[in-house]
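Report on the structure
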Amino acid sequence: MTFIQGPFYKKYVADMELKGDESVLEFGPGSGKMSRYLAESLPDGRLTIVDLSKAWLGLIRKKLMKYPNVDLKQGKIMDLPIADGSYDVVVASFVIHDVDEDERQRVVDTLAGKLKSGGRMFVRDPEVSGRNGHGITGADLRSVMRNSGLNELSFKRLKPFYMGPMNEGVYIKE
Ligand SMILES: C[S@@+](CC[C@H](N)C(=O)[O-])C[C@H]1O[C@@H](n2cnc3c(N)ncnc32)[C@H](O)[C@@H]1O
């Protein structure tokens, strides 16, 4: 699967059209399949990676040792000392659906708060009707994003041949 996933994550990052000097917050990286592409796209920028899992962050620390522009933080985004309004980009890939429903809006509100004015947030999640019923409906994802005060730039449903249906949205803080 890795030979497919590499290009899949690489393209997602390439489509963000980063200039290279941005500050980017990656929320919920898991094993860090996308983290390397973000780190190498930011030669003059910085990447902050936040996850609940100490184990995943340990793995990423090893993978990204050679990138001095990467900072790892473990814990709940609401509790971490990360200044509001300090990121150009927030990325949450396949994670919003994993956040407990009773915390989801607060988490997304907090992530939106970390963006600078004009900053963008990239989200994508499996559609709940996917293979095993795990995920979030497109309507619920759009709703939680809009309720955070961000404006939708694009939203699309995708069906890659190697995975179930998913939704992808880009939002801006105006
Ligand atoms: C399915 S993985 C996503 C992996 C990766 N972003 C990707 O695109 O392949 C979900 C990740 O979100 C993290 N996570 C889930 N809930 C979280 C929360 N409330 N705060 C921070 N991280 C969370 C999990 O620990 C896990 O690393």
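Notes on the structure follow. Because the structure is a prediction, the values reported are computed rather than measured. (Residues numbered from 1 in each chain as written. Predicted model: local features only at pLDDT ≥ 70, side-chain atom pairs only at ≥ 80, totals over all residues.)

1. Quick word on the overall build of the protein
In plain terms, the rule: A helix here means a DSSP run of H or I that spans at least four residues, while a strand means a run of E at least two residues long, and both kinds are numbered starting from the N terminus. Every radius of gyration here is taken over C-alpha atoms, with the globule rule written as 2.2 Å times N^0.38, N being the number of residues. Note on contacts: residues are paired as contacts if their backbone-placed C-beta atoms lie within 7 Å.
When helices and strands are tallied, the protein shows five helices and seven strands. Helices and strands appear in the protein in the N-to-C order α-β-α-β-α-β-β-α-β-α-β-β. For 174 residues, the compact-globule formula gives about 16 Å, and the C-alpha radius of gyration of the protein, at 15 Å, lands near that figure. Reported as C-alpha extents along the three principal axes, the dimensions of the protein are approximately 40 × 35 × 30 Å. For the protein, contacts bridging at least 24 residues in sequence account for 61% of all contacts bridging at least 6.

2. Focus: helix α4 (residues 101–114)
The line we're drawing: Take the residue count of a helix, subtract one, and multiply by 1.5 Å to get its expected span. Burial in this document is a count-based property: other C-beta atoms within 10 Å of a residue's C-beta are tallied, and the residue is buried at 20 or more, exposed at 12 or fewer, or partly exposed in between, with C-beta positions derived from the backbone. In this description, the arc belongs to the directions extending from the helix axis to the C-beta atoms.
With 14 residues, α4 ought to run about 20 Å at 1.5 Å a step, and its terminal C-alpha atoms sit 21 Å apart, in line with that. Buried within α4 are the following residues: Val 107, Val 108, Thr 110, Leu 111 and Lys 114. The buried residues of α4 occupy one face: seen down the axis, they fall within an arc of 160°. Next to the buried residues of α4 lie β1 (23–27), β4 (87–93), β5 (115–126) and α5 (138–147).

3. Some details on the site of the ligand
We count it as follows: Each residue gets a C-beta atom placed from its backbone. If that atom is within 6 Å of a molecule or strand, the residue is near it. By the convention adopted, Pro, Cys, Tyr, Trp, Phe, Met, Ile, Leu, Val and Ala count as nonpolar, Lys, Arg, Asp and Glu as charged, and the other residues, Gly among them, as polar.
If you check the shell around the ligand, you find 18 residues, and the closest are Gly 28, Gly 30, Ser 53, Ser 93 and Val 95. Class assignment for the residues of the shell around the ligand results in ten nonpolar, four polar and four charged.

4. Looking at the environment of His 134
Checked against the element boundaries, His 134 lands in the loop between β5 and α5. A sequence separation of 36 residues divides His 134 from Asp 98, and the C-alpha atoms of the two residues are 8.8 Å apart.

5. Overview of unusual backbone geometry
Peptide bonds are, in most cases, trans, and in most cases residues other than glycine have a negative phi. Its identity is not glycine, yet Glu 17 carries a phi of approximately 50°, on the positive side. Among the structural elements, Glu 17 can be located in the loop between α1 (2–14) and β1. A tally of 8 C-beta atoms within 10 Å means that Glu 17 is categorised as exposed.

6. As for the pairing of β4
Quick reminder of the rule: Pairing between two strands is assigned when DSSP locates at least 2 bridges connecting them.
Burial within β4 is extensive, with six of its seven residues counted as buried. Sheet topology note: the β1/β4 ladder contains four bridges and is parallel. Each residue of the ladder has a partner; that of Leu 25, found in β4, is Val 90.

7. Examining the nonpolar core
Inclusion rule: To define a nonpolar core, we join buried Ala, Val, Leu, Ile, Met, Phe, Trp, Tyr and Cys residues through C-beta atoms within 7 Å and take the resulting set.
With 36 residues, the main nonpolar core has Val 24, Phe 27, Val 90, Ala 92, Ile 96, Leu 111 and Met 121 as its most contacted residues. Among the elements of the structure, β1, α2 (35–40), β2 (46–51), β3 (70–74), β4, α4, β5 and α5 are those that each provide at least two residues to this core. The element best represented in this core is β4, accounting for five residues. When neighbours within four sequence positions are excluded, Val 24 is seen to be in contact with Leu 38, Leu 42, Gly 45, Leu 47, Tyr 87, Asp 88, Val 89 and Val 91.

8. Observations concerning the pairing of β1
This is how the line gets drawn: The definition of a right-handed crossover adopted here requires that, viewed with the strands pointing away, the path from the first strand over the helix to the second runs clockwise.
Across the five residues that make up β1, a large majority, four, are buried. Between the parallel elements β1 and β2, the chain passes through α2 in a crossover that is right-handed.

9. Points about the sheet that holds β3
Selection rule: Axes here refer to lines fitted to C-alpha atoms; in helices the fit is confined to the stretch in contact. Angles between the N-to-C directions go from 0 to 180 degrees.
The mixed open sheet is built from seven strands, whose spatial order is β3-β2-β1-β4-β5-β7-β6. In this open sheet, the two edge strands, each paired with only one partner strand, are β3 and β6 (151–158). Neighbour to neighbour, the strand axes of the sheet diverge by 15° on average, direction disregarded. Pairing of β4 with β5, which is carried by six bridges, proceeds in the parallel orientation. Paired with Tyr 87 across the bridge in β5 is Leu 115.

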